[in-house]
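Observations on the model geometry
Each chain, letter by letter, is given below.
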Amino acid sequence: MSSISAIGVSGANAATTRMDVAAHNIANVQTEKFQRQVVNQQSQASGGVSTSVAQAQEIGPDLAKDLIEQKMATYSYRANLRSIQADQQMMGSLLDIKA
């Protein structure tokens, strides 16, 4: 796997984590004294991102924030998938030229 694809996979995995956490928060919106979870992302020196899940500072739901987070995670996932596809197409073109 090329470094471009590895970075794309890393970003797609981070988007999946963000989507999972937002879904968890939305599912528990009516749970009494529920403390939301948040995803922390950090760029890696070698490329890509790492994620960690932590408890939010405040207690209680924030439905609007979680719905927006789901939408943003969807866009991020699609963008990372596009970078993987572009890398594969570019590699295929290079192989065609070499053949």
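Note: the structure precedes this text.
Cut-offs applied
- Residues numbered from 1 in each chain as written.
- Predicted model: local features only at pLDDT ≥ 70, side-chain atom pairs only at ≥ 80, totals over all residues.
- Heavy atoms only, no water.
- Helix = DSSP H or I, 4+ residues; strand = E, 2+ residues; numbered from the N terminus.
- Expected span 1.5 Å × (residues − 1).
- Buried < 20%, exposed > 50% of the residue type's maximum accessible area, 1.4 Å probe, protein only.
- Salt bridge = Lys/Arg side-chain N within 4 Å of Asp/Glu carboxyl O.
- Pairing = 2+ DSSP bridges.

Bringing helix 1 (residues 3–27) into the picture now. The terminal C-alpha atoms of helix 1, which comprises 25 residues, lie 36 Å apart, in line with the 36 Å expected from a rise of 1.5 Å per residue. For helix 1, the complete set of buried residues consists of Ser-5, Gly-8, Ser-10, Gly-11, Ala-12, Ala-14, Ala-15, Arg-18, Val-21, Ala-22 and Asn-25.

This brings us to the pattern of salt bridges. Following the criterion strictly, the structure yields 4 salt bridges and no others. Across the pair Arg-18 and Glu-69 runs a salt bridge, and its minimum N-O distance is 2.5 Å. Note that Arg-18 is positioned in helix 1 and Glu-69 in helix 2 (residues 63–98), a separation of 51 residues in sequence. For Arg-18, a relative accessible area of 11% gives the class buried.

In this section: the pairing of strand 2 (residues 49–55). Inspection of the sheet shows strand 1 (residues 37–43) paired to strand 2 by 7 bridges, in the antiparallel sense. Looking across to strand 2, one finds that Val-38 is bridged to Ala-54.

Let's shift gears to the environment of Asn-13. With respect to the helices, strands and loops of the structure, Asn-13 is situated in helix 1. When the C-alpha positions of Asn-13 and Thr-51 are compared, they lie 8.7 Å apart, and in sequence the two are 38 residues distant.

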